[in-house]
Amino acid sequence: MADNLPSEFDVIVIGTGLPESIIAAACSRSGQRVLHVDSRSYYGGNWASFSFSGLLSWLKEHQENTDIVNECPAWQEKILENEEAIALSRTDKTIQHVEVFCYASQDLHEDVEEAGALQKNHASVTSVNCTEAADSACLPIEDESLRTTSCEILAEQTPSSDPERALEVNDVQVTGEKENHCDDNTCVPSTAEKETSENVPVAEDTAEQPKKNRITYSQIIKEGRRFNIDLVSKLLYSRGLLIDLLIKSNVSRYAEFKNITRILAFREGRVKQVPCSRADVFNSKQLTMVEKRMLMKFLTFCMEYEEHPDEYKAYEEIKFSEYLKTQKLTPNLQYFVLHSMAMTSETGSSTIDGLKATKNFLQCLGRYGNTPFLFPLYGQGELPQCFCRMCAVFGGIYCLRHSVQCLVVDKESGKCKAIIDQYGQRIISKHFLVEDSYLSENTCSHVQYRQISRAVLITDRSVLKTDSDQQISILTVPAEEPGTFAVRVIELCSSTMTCMKGSYLVHLTCTSSKTAREDLEPVVQKLFTPYTETEIENEEIEKPRLLWGLYFNMRDSSDVSRNSYNDLPSNVYVCSGPDCALGNDNAVKQAEALFQQICPNEDFCPPPPNPEDIILDGDNLQPEASESSALPEANSETPKESSNLKNPEEPSK
């Protein structure tokens, strides 16, 4: 099918990252004919999530830096005299300075493998096959409402799983491999705080562990399908733009979310829990009664600061950190507000920006839990796939491993008129969206990119041990030297379906000043200790043991102006990759702005129609109902699901 596509579309989208996927869904929903292609073998681009073996295969691809798809040998001959071509890049250069470290015991045996995904020398990234690169980055099979598994109100209102809902998407020509996470069940129970063998296949031979806390590299390989490792580490603000869009469009039913359980701070060499809600503040043993009153008074002011301009107008020109010193807050409280609520640095924001960030933090509290943040089960890579599914439901066509050789530009009008794909097929369209990484060096010769430093760690326990081993935490470690940046740490437990039981998946992110390892290793050394055989018997080790680590730099194209690109036609739009921010607001704003250029005056991702309101043109269409019924069935739960999402807001008003 991929080598015989329709010859004309309204919109062609190249790349399946989050902004591109949102735009594709919005265009398809508004009635545009959409072709969505990606030269990669997985959905999401740099927003993707991988199983452990899939991540190793991804690393191998970037180390080799070779083309995934062979190009058409004579596409230049298909360019006519009145046309010119804009060649697209054949290699992905968004990932640099990749370094992998394995600290766990590498007691590999011949029978240790993950479903045939890896060959014997598992410790070597370059020896990994690419057969499972898209293991956990394909379209999901589950069909869920947006709900947080730790929120009792929402869990009670969520209807029981309907088997028909899990089958609806089978009519759409997009497939997934989430069998590795769910067999007969369509979701993870919303009240579960532990993993069960029904949801995720567990390696049978786990009795060989000499110690309860000892995790070997062979176990990580063996249970690699239980990992869903994000390339970009983000959380969703419970009242952020992405959550609002998921609810509005009803795309939320394709995913399930879990509430972040705690916010941590790193001060004076120790990790502490930050009280967020009123109950947390008054139950905190870290704060004195005077501090509790100080903090509640200041947070109350932050919620209403716009109504009292006289109290902050005189401080508008100074940094938020300096402003906090004037508010009769102790150094401990100043630190909590600056780094764990406003989540900014000493020199990072003005007073107004700090007050706005603190207010946003507080407004997001209580909607789905005691913290402002949500995390999607199975990783961030689920989010682009959710919007891809919506696009497909409304008629969008998807082709992975399908590269585009060039954009064809009409010399007279100066507009792009078509693409030529890997098979030499010319496909005409009115609008073209291209993810930044697909643009060639000639097009981007004047672009100045920032970089994001990333680290992914597998550890044996949490940075702050509590009675529960199912904590999901966010921690900000402030910058210590001039010219460096604060490091954001997100720690995920096994109930997020991103790591094996008994382990934690830790993501570190900051704006790059050097290579990822140089930027992040000092923080890793503060929080973790490398796993060594001599320490196995010592159960009094204060820090969690580091089992495996990956460092890499990722391109940040989020602040690049369109004018920086050379000679792009007006109907070619560029989508950026992930930015360094914690939330996804930039991706949603970008998607909406580009959609309005393509479809002015159209509603952005409106709710799908109620199936009862759909009227078919004549009874003669009945024999084709099996093909066209995917749309009505897929949305049969629309009223029920949207009410579930909106109910948690009512008590908080």
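Scroll up a little and you will see the structure.
Residues numbered from 1 in each chain as written. Predicted model: local features only at pLDDT ≥ 70, side-chain atom pairs only at ≥ 80, totals over all residues. Heavy atoms only, no water.

### Quick notes on the sheet that holds strand E15 (residues 426-428)
Okay, step 1: Taken in spatial order, the four strands of this open sheet run E4-E13-E14-E15, and their pairing is antiparallel. Where the open sheet ends on each side, the last strands, each with one partner, are strand E4 (83-87) and E15. Put simply, the sheet's adjacent strands are angled 30° from each other on average, direction ignored.
Okay, step 2: Across three bridges, strand E14 (residues 416-421) lies against E15 in antiparallel orientation. Within the sheet, the bridge partner assigned to alanine 418 lies in E15 and is isoleucine 428. (Pairing = 2+ DSSP bridges. Helix = DSSP H or I, 4+ residues; strand = E, 2+ residues; numbered from the N terminus. Axes fitted to C-alpha atoms, helices over the stretch in contact; angles between N-to-C directions.)

### With respect to the packing of aromatic side chains
Okay, step 1: Counted by the stated rule, this structure contains 16 aromatic pairs.
Okay, step 2: Every member of this aromatic cluster is reached through a ring pair, and the members are Tyr42, Phe50, Trp58 and Phe552.
Okay, step 3: Against the face of tyrosine 449 rests arginine 555, its NZ or CZ located 4.1 Å from the ring centre. (Phe/Tyr/Trp six-rings, centres within 6.5 Å; stacked < 30°, edge-to-face > 60°. Lys NZ or Arg CZ within 6 Å of the ring centre and 35° of its normal.)

### Focus: the packing of helix H1 (residues 18-29) against helix H12 (residues 382-393)
Okay, step 1: The interhelical angle for the contact between H1 and H12, taken along N-to-C directions, is 20°, at an axis separation of 8 Å. In this view, H1 runs roughly parallel relative to H12, as classed from their interaxial angle. Helix-helix and strand crossings are classified by hand; for H1 and H12 the assignment is left-handed. On the side of H1, the interface is formed by Leu18, Ser21, Ile22, Ala24, Ala25, Ser28 and Arg29, while H12 contributes Leu383, Pro384, Phe387, Cys388, Met390 and Cys391. (Parallel < 35°, antiparallel > 145°, perpendicular 65-115°, else oblique. Left-handed = near helix turned anticlockwise from the far one by under 90°. Contact = heavy atoms within 4.5 Å.)

### Description of the state of the cysteines
Okay, step 1: Applying the stated criterion across every chain yields a total of zero disulfides.
Okay, step 2: A disulfide-free cysteine, cysteine 575 has its sulfur positioned 9.9 Å from the sulfur of cysteine 27, the nearest such atom. (Disulfide = S-S within 2.5 Å.)

### Structural notes on the environment of serine 105
Okay, step 1: Looking at the secondary structure, you find serine 105 in the loop between strand E5 (95-102) and helix H3 (152-157).
Okay, step 2: Counting along the chain gives 427 residues from serine 105 to threonine 532, while the straight-line C-alpha distance between them is 7.8 Å.

### Quick notes on the packing of helix H6 (residues 241-249) against helix H14 (residues 585-598)
Okay, step 1: The contact between H6 and H14 brings their axes to 8 Å, and the two run at 55°. Between H6 and H14, the interaxial angle falls into the category oblique. Of H14, the residues touching H6 (which contributes Leu241, Leu242 and Leu245) are Asp585, Val588 and Lys589.
Okay, step 2: Looking at the contact of H6 with H14 residue by residue, the classes come out as four nonpolar, no polar and two charged. (Nonpolar A, V, L, I, M, F, W, Y, C, P; charged D, E, K, R; others polar.)

### Regarding the environment of arginine 454
Okay, step 1: Within the fold, arginine 454 resides in strand E17 (residues 450-459).
Okay, step 2: Distance from arginine 454 to leucine 520, taken between C-alpha atoms, is 7.7 Å for residues 66 residues apart in sequence.
Okay, step 3: With residues up to four places along the chain from it excluded, the contact list for arginine 454 reads Asp230, Leu231, Val232, Ser233, His507, Leu508, Thr509, Ala516, Leu520, Leu550, Tyr551 and Phe552.
Okay, step 4: A polar atom in the side chain of arginine 454 sits 3.0 Å from the backbone oxygen of leucine 508. (Polar contact = N/O pair within 3.5 Å; in protein donor to acceptor, adjacent residues only side chain to side chain.)

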